[in-house]
Amino acid sequence: MSSVFMSIVSPVYRAENIVPELVRRIQESTSKITEDYEIILVCDGSPDNSWGAIKAECKKDKRVKGINLSRNFGQHYAITAGMQYVQGEWIVLMDCDLQDRPEEIPNLYAKAQEGYDIVLARRVNRRDGFFKIAMSKSFHAVFDWLSGMKTDSAISNLSIYKRSVIDTINKMPEMSRSFDSLVAYVGFNKAILDCDHSERYEGESSYTLRKALKLAFDIIISNSNKPLRIITGFGFCFSLIAFILAIYNVIANLLGLITVEGYTTTVFSVWFVGGFILMVLGVLGLYIGKIFDQVKGRPLYIVQEEVNVE
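Residues numbered from 1 in each chain as written. Predicted model: local features only at pLDDT ≥ 70, side-chain atom pairs only at ≥ 80, totals over all residues. Heavy atoms only, no water.

### What to know about the nonpolar core
Note on soluble globular proteins: their nonpolar side chains tend to be buried together.
Reasoning step 1: Formed by 36 residues in total, the largest nonpolar core has its most connected members in Met6, Ile8, Val19, Leu41, Ile54, Leu108 and Ile160.
Reasoning step 2: Every residue in contact with Met6, bar those within four places of it in the chain, is listed here: Thr30, Ile33, Thr34, Asp36, Tyr37, Glu38, Gly88, Trp90, Val92, Ile105, Tyr109 and Ile160.
Reasoning step 3: Ranked by size, the runner-up nonpolar core spans 29 residues in total, among them Met172, Met175, Val186 and Tyr301. (Core = buried A, V, L, I, M, F, W, Y, C linked by side-chain atoms within 4.5 Å. Buried < 20%, exposed > 50% of the residue type's maximum accessible area, 1.4 Å probe, protein only. Contact = heavy atoms within 4.5 Å.)

### A word on the pattern of salt bridges
Reasoning step 1: Applying the stated rule across the entire model yields 13 salt bridges.
Reasoning step 2: Arg25 serves as the salt-bridge partner of Glu103, at 2.9 Å between the closest nitrogen and oxygen. One end of the pair, Glu103, is in the loop between strand E4 (88-93) and helix H4 (105-112); the other, Arg25, is in helix H1 (residues 19-30), and 78 residues separate them in sequence.
Reasoning step 3: Owing to a relative accessible area of 26%, Glu103 belongs among the partly exposed residues under this scheme.
Reasoning step 4: Looking at Arg25, the relative accessible area reads 14%, which means it is buried.
Reasoning step 5: The partner of Arg122 in a salt bridge is Asp194, and the shortest N-O contact between them spans 2.7 Å. Taken as a pair, Arg122 in strand E5 (residues 118-124) and Asp194 in strand E7 (residues 190-196) lie far apart in primary sequence, 72 residues in all.
Reasoning step 6: Take Arg122: its relative accessible area is 28%, and that puts it in the partly exposed class.
Reasoning step 7: In this structure, a network of salt bridges that share partners links the residues Arg25, Arg101, Glu103 and Glu104. (Salt bridge = Lys/Arg side-chain N within 4 Å of Asp/Glu carboxyl O. Helix = DSSP H or I, 4+ residues; strand = E, 2+ residues; numbered from the N terminus.)

### Let's talk about helix H2 (residues 50-60)
Reasoning step 1: Turning to H2, its buried residues are Ser50, Trp51, Ala53, Ile54, Glu57 and Cys58. Each buried residue of H2 sits inside an arc of 160 degrees when the element is viewed along its axis, so together they form one side. In this structure, H2 carries Lys59 and Lys60 as exposed residues pointing more than 90 degrees from its buried face. (Arc of directions from axis to C-beta.)

### Quick notes on the pairing of strand E3 (residues 64-69)
Reasoning step 1: Here E3 lies mainly inside the structure; six of its six residues are buried.
Reasoning step 2: Of the two faces of E3, the one carrying Val64, Gly66 and Asn68 and the one carrying Lys65, Ile67 and Leu69 are both buried.
Reasoning step 3: Bridge count for strand E2 (residues 37-43) against E3 is five bridges, and the pairing is parallel. Bridge pairing links Val42 to Ile67 in E3.
Reasoning step 4: Bridging between E3 and strand E8 (residues 303-307) involves four bridges; their strand directions are antiparallel. Bridge pairing in E8 places Ile67 opposite Glu306. (Pairing = 2+ DSSP bridges.)

### Details of the sheet that holds E8
Reasoning step 1: Strand order in the open sheet formed by eight strands is E7-E5-E6-E4-E1-E2-E3-E8, with mixed pairing between adjacent strands. Strands at the two margins of the open sheet, each flanked by one partner only, are E7 and E8. Averaged over all adjacent pairs, the angle separating strand axes in this sheet is 20 degrees, with direction ignored.
Reasoning step 2: In terms of strand pairing, strand E1 (residues 4-12) meets E4 through five bridges, oriented parallel. Each residue of the ladder has a partner; that of Met6, found in E4, is Trp90.
Reasoning step 3: On the sheet, H2 packs against E1, E2, E3 and E8 and is oriented at approximately 155 degrees with respect to E3.
Reasoning step 4: Against the sheet, helix H7 (residues 179-186) makes contact with E4, E5, strand E6 (155-162) and E7, and its axis sits at roughly 50 degrees relative to E6, the strand it touches most. (Axes fitted to C-alpha atoms, helices over the stretch in contact; angles between N-to-C directions.)

### Observations regarding the packing of aromatic side chains
Reasoning step 1: Across all of its chains, the model carries three aromatic pairs by this definition.
Reasoning step 2: On the numbers, 5.8 Å between centres and 75 degrees between planes, the contact of Phe5 with Tyr109 is edge-to-face. Of this pair, Phe5 sits in strand E1 while Tyr109 sits in helix H4; the two residues are 104 residues apart in sequence, bridging distant segments of the chain.
Reasoning step 3: Between Tyr161 and Phe179 the ring centres are 5.7 Å apart and the planes differ by 90 degrees, which places this aromatic pair in the edge-to-face class. Of this pair, Tyr161 sits in strand E6 while Phe179 is found in helix H7, placing the two residues 18 residues apart along the sequence.
Reasoning step 4: Counting every residue linked through ring pairs, the aromatic cluster contains Phe5, Trp90 and Tyr109.
Reasoning step 5: One residue, Arg71, lies across the ring of Phe73, its end atom 3.9 Å from the ring centre. (Phe/Tyr/Trp six-rings, centres within 6.5 Å; stacked < 30°, edge-to-face > 60°. Lys NZ or Arg CZ within 6 Å of the ring centre and 35° of its normal.)

Just geometry here; none of it tells us what the structure is for.
Next up, the structure:
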């Protein structure tokens, strides 16, 4: 049996001034449950001195462990790295910006004791900007339609898991990582707990529109083949329309209804069909690209330095 009762994992990016407060509040909250815990902070190639702040906290308390990735791999890869190091019977995941409050950890644990393997926090009175909320809701609507799943844009990264859940997720080697999607895939007994949501402690979110769109495309393509079925359906419809038009033109020619050939119609048809073919090839290319990334077998992340890790 593990010697650690609870592990708290947090990916860190642009949080140099947040780390001390993050650790302090996690320690205060987790101590209400147990003193036998570990805090795993994963520095995801942050351009500021977040790694220095993490090392400073590691010196104060051996239960704080630091993992420094060799470059910025992305939030979900940093989460994956942290989950590979956990030793606890229960694992808490939370962001570093303190919008998800560490004070909710005892509430998540109490809910899990009702017989749940996973407890997810749902943000009450979400304290994000209009653009971020709208983008999140739009993504979840499109993802639900394409994947056939039912997700909630109010669910945050703040969550608690039984060790068996994380052990199962750690066996999944997908290059295109979405921790939320993996949690949805593995099943287990889940519960949702309404939690307070706070303003960001400092700075702004590192998720730009470009990064958010890239992540959305990666998640959708990695978890659904519905786009392939959609373009197949479009292709069939265009073929049917073309076949009907061909029959019409043959009959019209035989009846003498067509006296002047339609140059404009012909050019428009070529451009339209050509554009559709390029779109189809682009979608196929995205899926082939994901296969290419997977078969290369490169590591999901690279650790440059560790502190307080046995």
